[in-house]
Amino acid sequence: MKVKAEFSKLINFINWIKPDIRPFLPRLVVILLLGVAGSLCGVGIAIASKNVIDYAVAGELGKAGIAIGIFGGIIVMSVLINIGEALLEVRVSEAFSNVMRQRFFKRLLETEWLPLSGYHSGDLLTRLTSDVGNITNFFVRVFPGILSLGVQLAASFATLLYYEPRLAIIAFIMGPSTVLFSRLWGHRLKVLNLKVQESESRYRSHIQEALQNFIVIKIFGLEEHNRDTLQGLHQDRMDWILKRNRTTLSADMIISLGFWAGYFVAFSWGIIRLYQKAISFGTLTAFITLVQQIQVPFVGLARTFPQIIAMLASTERLMELEKMQLEKREGKIGQPEGVGISFRQVSFVYTEEKDNLVLDKVTADIAPGELVALVGSSGVGKTTLIRLLLALVRPLEGEVFYTDGLGKQYEVTAATRAWVTYVPQGNTLFSGTIADNLRSGRLEATPDEMEEASRAACAWEFIRELPNGLDTVIGEQGHGLSEGQAQRIAIARAFLKRAPVMILDEATSALDMGTEMEILRAIKDLSGNCTCLLITHRQTALKMCSRVLEIQRGKLIEKNKTEQENHLSN
Ligand SMILES: Nc1ncnc2c1ncn2[C@@H]1O[C@H](COP(=O)(O)OP(=O)(O)OP(=O)(O)O)[C@@H](O)[C@H]1O
């Protein structure tokens, strides 16, 4: 039963890796052949050294000279083969890990947002780098290594069998017993490998988060606390690495003992046979080399075992990512002229606890071209409503759809995201130039279009004054810009997309009233063609909107606009 389960796991694994590995098969076969050639060189060296010694002892100097030449030739060949193999290994290893990373990167980009957001970005990074590295190492180094060790084993065994059958049998029996012995550690090693990767993820995540939040650490004087936490995580990681190391070393020790026992028996046996004059000096040398040639593959195979286990543990971690559901993504749908928004009895909850609804049977209609404000106290569910519109989360009950104002409905999916332009809360700029950031709104945007959008977002004044204008390089999360400048670039980027629905989530919160008014006027100019949803607490913004919707305890309520404005001004 267990064997059957293991076998079906293996089949799953092969099917899982097949698409990625297929293009690399020819190059992996070359690596394999080079490995095999290297192994055969090892056997060749044993035979050549025997001949050199035997001819020299027999006083046949001419033949000994030729044998030395062959011996040297094989050594040079072996070195060249090793270099060629190492060069090819690096190239294939880089290319293969890139293919795997691309596969998972693409997969993550297409995975549903909610389950994915539960993973720490540092953990995902570890999976994309270290875990992919373990799998690459297996296919490029370990697997061809196992096969060439197998060939080395067979060739050495056959040669030894030819010269001294009894010795061959002794060396052969010692080998598998050490490999089988190391198999006993398999399960423990796998658990330890998972623990090492998990602790590595926690360690990296902490560093990543600390680097991103330097200011918070400094403001609250958390330097020491952070160092202590990192030290604790380091200790945890170290403990798991040491535990894994102890297990690997215990296995290694038994393997080495097995190896030396085999070597010792062969050596003693050879000396006895030499004493009995049953073999020549040369044959003794060949014995000793060949016993090594048999033992080395077994030791090698046993030592690859931890790497196989690491690969299996990493595979599980990557497969786990693929278990998350993909976003519903139909092809491009024809975009209607104007796009309205409808919520029908929509309920939503983030957790399993269904009685703790964030949104409870919400119903609302926004006609194409309307400019609507969405208000409500903090944590009430405004951003959640936007996430539903962007198909980042799915309703527990009810329906969210877009309309064309003529009665046609379009289900909200990842594809309809193309109809929406969005300015989220916080700084969402990428590192690169201002132009790069603007172009992420529309990749083919021209400098004139970027200028026009920047003017509408009140960003052009300050961009123009920068020495490099649109080509000014900004750092991670808009480093080098003020919060208000970053917000204006984010708004310009949203304008550039020219989508029929625009959503601004506290997008003008860092701006002075005058600038905010100007931007809101630009947004109002868009309305009519563009449906705008504004999450705001500001009275200036509310004045611009034709309607105000408020979320209260999970319900969406249409507010009297004047009442709301008065409420805010008080
Ligand atoms: N990813 C998430 N997982 C679990 N709960 C979440 C998640 N995001 C938000 N919540 C919870 O859902 C509720 C609504 O959050 P939401 O961000 O929609 O509020 P909001 O009205 O936009 O708040 P704010 O005005 O402060 O931005 C909150 O109670 C919040 O704790």
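Here the structure is a predicted model, which means the values were calculated and not measured. (Residues numbered from 1 in each chain as written. Predicted model: local features only at pLDDT ≥ 70, side-chain atom pairs only at ≥ 80, totals over all residues. Heavy atoms only, no water.)

### Quick look at the sheet that holds strand β4 (residues 397-403)
Now for step 1: If you trace the four strands from one edge of the open sheet to the other, you get β2-β1-β4-β5, paired in antiparallel fashion. Each edge of the open sheet is held by one strand with a lone partner, namely β2 (359-366) and β5 (409-411). Neighbour-to-neighbour, the strand axes of this sheet turn through a mean angle of 25°, independent of strand direction.
Now for step 2: Packed onto the sheet, helix α11 (residues 382-389) meets β1 (340-348), β2 and β4 and runs at close to 115° relative to β1. (Pairing = 2+ DSSP bridges. Helix = DSSP H or I, 4+ residues; strand = E, 2+ residues; numbered from the N terminus. Axes fitted to C-alpha atoms, helices over the stretch in contact; angles between N-to-C directions. Contact = heavy atoms within 4.5 Å.)

### Section: the nonpolar core
Now for step 1: Judged by nonpolar contacts, the single largest core of 44 residues is most densely connected at Leu438, Leu470, Ile491, Phe495, Met502, Leu504 and Ile523.
Now for step 2: Top contributing element to this core by residue count: helix α15 (residues 483-497), with eight residues.
Now for step 3: If sequence neighbours within four positions are ignored, Phe495 has contacts with Ala453, Ala456, Ala457, Met502, Ala522, Ile523 and Leu526.
Now for step 4: If you look at the next biggest cluster of nonpolar residues, it comprises 33 residues, including Val339, Phe343, Val380 and Leu549. (Core = buried A, V, L, I, M, F, W, Y, C linked by side-chain atoms within 4.5 Å. Buried < 20%, exposed > 50% of the residue type's maximum accessible area, 1.4 Å probe, protein only.)

### Overview of the UniProt feature "transmembrane region" (unreviewed entry) in the chain
Now for step 1: Annotation from UniProt places "transmembrane region" (unreviewed entry) at residues 28-49, 61-83, 138-161, 167-185 and 253-272.
Now for step 2: Across residues 28-49 one finds 100% helix and 0% strand; the C-alpha atoms that close the span lie 31 Å apart.
Now for step 3: Secondary structure content for residues 138-161 is 100% helix and 0% strand, while the C-alpha to C-alpha distance between its ends is 32 Å. (UniProt positions renumbered as here; feature names shortened; annotations may be inferred.)

### Some remarks on the pattern of salt bridges
Now for step 1: Summed over all chains, the structure comprises 27 salt bridges.
Now for step 2: In this structure, the salt-bridge partner of Glu89 is Arg141, at a minimum N-O distance of 3.1 Å. Taken together, the residues Glu89 in helix α3 (residues 61-110) and Arg141 in helix α5 (residues 121-163) connect sequence positions 52 residues apart.
Now for step 3: Since its relative accessible area comes to 13%, Glu89 is described here as buried.
Now for step 4: Here Glu200 and Arg237 are joined by a salt bridge, their closest N and O atoms 2.7 Å apart. Taken together, the residues span a long stretch of sequence, with Glu200 in helix α7 (residues 186-212) and Arg237 in helix α9 (residues 223-275) at a distance of 37 residues.
Now for step 5: Each of the salt bridges in this network shares a partner with another, and the network as a whole consists of Asp123, Arg127, Asp131, Arg317 and Glu320. (Salt bridge = Lys/Arg side-chain N within 4 Å of Asp/Glu carboxyl O.)

### Details of the site of the ligand
Now for step 1: Neighbouring the ligand are the residues Tyr350, Val358, Ser377, Ser378, Gly379, Val380, Gly381, Lys382, Thr383, Thr384, Arg387 and Gln425.
Now for step 2: Separating an oxygen atom of the ligand from a side-chain N or O atom of Thr383 is a distance of 2.7 Å.
Now for step 3: Within the side chain of Gln425, one N or O atom sits 3.1 Å away from an oxygen atom of the ligand.
Now for step 4: Burial of the ligand by the protein chains amounts to 62% of its free accessible area of 640 Å². (Near = heavy atom within 4 Å. Polar contact = N/O pair within 3.5 Å; in protein donor to acceptor, adjacent residues only side chain to side chain. Areas by Shrake-Rupley, 256 points an atom, 1.4 Å probe, with all protein chains shown as cover.)

### Structural notes on the domain arrangement of the chain
Frequently, the measure chosen for interface size is the accessible area that the parts lose on association.
Now for step 1: We note that the domain assignment places domain 1 (1-164), domain 2 (165-278) and domain 3 (340-559) within the chain.
Now for step 2: For domain 1 and domain 2, the distance between their C-alpha centres works out to 20 Å.
Now for step 3: Listed as interface residues are 17 residues of domain 1 and, on the opposing side, 17 residues of domain 2.
Now for step 4: Where domain 1 abuts domain 2, roughly 1400 Å² becomes buried across the two surfaces, and 53% of that area is made up of carbon and sulfur atoms.
Now for step 5: Between the two partners, domain 1 and domain 2, sit zero salt bridges.
Now for step 6: Where domain 1 meets domain 2, there are eight residue pairs in polar contact (both at pLDDT 80 or more).
Now for step 7: Considering only residue class, the side of domain 1 that touches domain 2 consists of six nonpolar, seven polar and four charged. (Domains from an automatic or database assignment. Buried area = accessible area lost by both parts, 1.4 Å probe. Nonpolar A, V, L, I, M, F, W, Y, C, P; charged D, E, K, R; others polar.)

### Focus: unusual backbone geometry
Now for step 1: Here Gln345, not a glycine, exhibits a phi torsion of approximately 50°, which is positive.
Now for step 2: You can see Gln345 is positioned in strand β1.
Now for step 3: For Gln345, a relative accessible area of 45% gives the class partly exposed.

### A word on a nonpolar patch on the surface
Now for step 1: Together, Ile207, Leu211, Phe214, Ile215, Val216, Ile219 and Phe220 make up an exposed nonpolar region whose accessible area comes to about 730 Å².
Now for step 2: Elements that contribute at least two residues to the nonpolar patch include exactly α7 and α8 (214-219).
Now for step 3: Ranked by the residues each element gives to the nonpolar patch, the list is headed by α8, at four residues.
Now for step 4: Examined against the element boundaries, Ile215 turns out to sit in helix α8. (Patch = residues over 30% accessible without salt bridge, like charges linked within 9 Å, V, L, I, M, F, W, Y side chains within 5 Å.)

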